[in-house]
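Now for the letters of each chain:
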Amino acid sequence: MANKIRKAVFPAAGLGTRFLPATKSSPKEMLPLVDKPLIQYAVEEAVASGIESILIITGRDKSAIENHFDISFELEQLLKERGKDEMFAQVRAVSDIAKISYTRQKQALGLGHAIYQAKDFAGNEPFAALLADDIVDSEKPALKQMIEVFEKYNAPVIATMQVDGEAISRFGVIDADEVEPGVYKINDMVEKPAYADAPSDLAIIGRYIFTPDIFEAIEQTTPGSGGEIQITDAMRLLLKKRPFYAVKLEGTRHDAGDKLGFLIATVELALKREDLGDEFRNYLKSLDLNA
Ligand code: UTP
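Residues numbered from 1 in each chain as written. Predicted model: local features only at pLDDT ≥ 70, side-chain atom pairs only at ≥ 80, totals over all residues. Heavy atoms only, no water.

(A) Focus on the overall build of the chain. Looking only at helices and strands, the chain has eleven helices and 13 strands in total. Relative to the globule expectation of 19 Å for 291 residues, the C-alpha radius of gyration of the chain, 20 Å, shows essentially globular dimensions. Structurally, the chain occupies a C-alpha span of about 60 × 50 × 40 Å along its principal axes. Sorting the 291 residues of the chain into buried and exposed places 45% on the buried side. Taking the intrachain contacts of the chain between residues at least 6 apart in sequence as the baseline, contacts between residues at least 24 apart amount to 76%. Per element, the accessible surface of the chain, about 15,100 Å² overall, is 49% carbon and sulfur. Computed over 35 positive and 46 negative side-chain charges, the separation of the two mean positions in the chain equals 4 Å. (Helix = DSSP H or I, 4+ residues; strand = E, 2+ residues; numbered from the N terminus. Rg over C-alpha atoms; globule rule 2.2 N^0.38 Å. Buried < 20%, exposed > 50% of the residue type's maximum accessible area, 1.4 Å probe, protein only. Contact = heavy atoms within 4.5 Å. Areas by Shrake-Rupley, 256 points an atom, 1.4 Å probe, with all protein chains shown as cover. Lys, Arg positive; Asp, Glu negative; His and termini not counted. Charge placed at Lys NZ, Arg CZ, Asp CG, Glu CD.)

(B) Highlighting the side chain of T221. Tracing the chain through its elements places T221 in the loop between α8 (213–219) and α9 (231–239). Using a relative accessible area of 8% as the deciding quantity, one classes T221 as buried. A polar contact is formed between the side chain of T221 and the backbone oxygen of A217, at a distance of 2.6 Å. Excluding residues within four positions of it along the chain, T221 makes contact with I229, Q230, D233, A234 and L237. (Polar contact = N/O pair within 3.5 Å; in protein donor to acceptor, adjacent residues only side chain to side chain.)

(C) Quick peek at the site of the ligand. Around the ligand there are 18 residues in total, and T17, R18, K28, Q105 and G110 lie nearest to it. In this structure, Q105 approaches the ligand through a side-chain N or O atom, which is 2.7 Å from a nitrogen atom. Protein burial of the ligand: of its 560 Å² of free accessible surface, 82% is covered by the chains. Residue classes in the shell around the ligand are distributed as nine nonpolar, five polar and four charged. (Near = heavy atom within 4 Å. Nonpolar A, V, L, I, M, F, W, Y, C, P; charged D, E, K, R; others polar.)

(D) Structural view of a nonpolar patch on the surface. A contiguous nonpolar patch, built from L260, L263 and I264 and spanning about 300 Å² of accessible area, is present on the exposed surface. By the element assignment, L263 lies in helix α10 (residues 259–272). Assessed through its relative accessible area of 52%, L263 is described here as exposed. (Patch = residues over 30% accessible without salt bridge, like charges linked within 9 Å, V, L, I, M, F, W, Y side chains within 5 Å. Salt bridge = Lys/Arg side-chain N within 4 Å of Asp/Glu carboxyl O.)

(E) The packing of α10 against helix α11 (residues 277–286), seen in detail. Between α10 and α11, the least distance of the axes is 7 Å, while the angle of their chain directions is 130°. Taken as axis vectors, α10 and α11 run oblique relative to one another. Each of V267, A270 and L271 in α10 lies in contact with α11, whose residues at this interface are G277, F280, R281 and L284. Here the residues of the contact of α10 with α11 sort into five nonpolar, one polar and one charged. (Axes fitted to C-alpha atoms, helices over the stretch in contact; angles between N-to-C directions. Parallel < 35°, antiparallel > 145°, perpendicular 65-115°, else oblique.)

(F) Region of the structure containing unusual backbone geometry. For the bond from L20 to P21, the omega torsion is 5°, close enough to zero to count as cis. With respect to the helices, strands and loops of the structure, P21 is situated in the loop between β1 (7–11) and β2 (32–33). Within the chain, V34 stands out as a residue other than glycine whose phi angle is a positive 65°. Of note, V34 is situated in the loop between β2 and β3 (36–37).

(G) Up close: the pairing of strand β6 (residues 127–130). Burial along β6 is two-sided: F127 and A129 and A128 and L130, pointing in opposite directions, are all buried. With three bridges joining them, β1 and β6 adopt parallel strand pairing. Along β6, the bridge assignment pairs A8 with A128. Pairing of β6 with strand β11 (residues 202–210), which is carried by four bridges, proceeds in the antiparallel orientation. The residue bridging A128 from the neighbouring strand is I209, located in β11. (Pairing = 2+ DSSP bridges.)

(H) The pattern of salt bridges, seen in detail. With the rule as written, the count across this model stands at 21 salt bridges. For K140, the salt bridge identified is with E148, shortest N-O distance 2.9 Å. On the accessibility criterion, K140 (37% relative accessible area) is partly exposed. Given the relative accessible area of 35%, E148 is considered partly exposed. Three or more residues are tied together by salt bridges with common partners; here these are K4, R6, K7, E52 and E125.

(I) A look at α10. In this model, α10 (14 residues) spans 20 Å end to end at C-alpha, consistent with the 20 Å of a helix rising 1.5 Å per residue. Turning to α10, its buried residues number three or more, namely G261, F262, A265, L269 and A270. End-on view of α10: buried residues confined to an arc of 155°, all on one side of the axis. Away from the buried face of α10 by more than 90 degrees, exposed residues L260 and L263 are located. The inward-facing, buried residues of α10 contact β2, α1 (38–48), β7 (134–137), β13 (252–255) and α11. Where α10 begins, the side chain of D258 points an oxygen toward the backbone nitrogen of L260, at a separation of 3.3 Å. (Expected span 1.5 Å × (residues − 1). Arc of directions from axis to C-beta.)

Rendered as structure tokens:
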């Protein structure tokens, strides 16, 4: 099996119910943090991690994603005519970012089912999967941190982050042994455990490196409630047959598919911006938060 991660899959066919009504007819993945859609952050992370080829799994009402990464002829023409060279370059860079192809998940039958749509794309190679609503703000790109672990152990790697206290119950949680600082060999995973039952404080977040045997595991996974095939169930099946690793990511993770998480991510990223940060910080300071 090849040991280089060249391909990445972006499941983006979910219904985004946590962000209604905004997601009624537009994709959650196109929600902007400051001025960039969520999916562009994730695609940029993948490219910065060495990914060469991308497959986005879309569904109905998701054509805005394809348009975003395509050439926008009229817009480019207009910007050129008006001498807006910098904006032109910015817009063109989005369509030049990577080799991107698309496939449809005809029904939102769960993340496992969405990833299964990438079977032909992945072929015989290990590949990454990134959920665009998990934004990881880190010095070294999150996926790069994972690829380094994959290259060392030659086994699937999932991303985790430390979550303190009761909030751990909202995540999939790993039961694992640390094999070197920040790297774990997984024994088991539990979906949304009660705080008292959580096997660790390491929550699974939306970045994975899979080997092609994940597809067979998905085929063997029994659908859960609503006919959905959960990727965690497929990973648990595979865990019985092969080693699986986790990395504790360095950086800050934002759940931008959730309204509060989205607001927090917007504020934090805006404050870091050279062009907006100072003015925005002054505005926030001027607010009477006790009102
Ligand atoms: P979420 O659990 O965030 O589900 O999916 P969702 O449907 O998008 O959003 P909510 O929870 O209803 O608000 C995690 C990721 O898996 C994709 C989603 O697009 C998201 O990136 N997904 C989920 C699919 O592609 N297909 C599915 O059937 C389910």
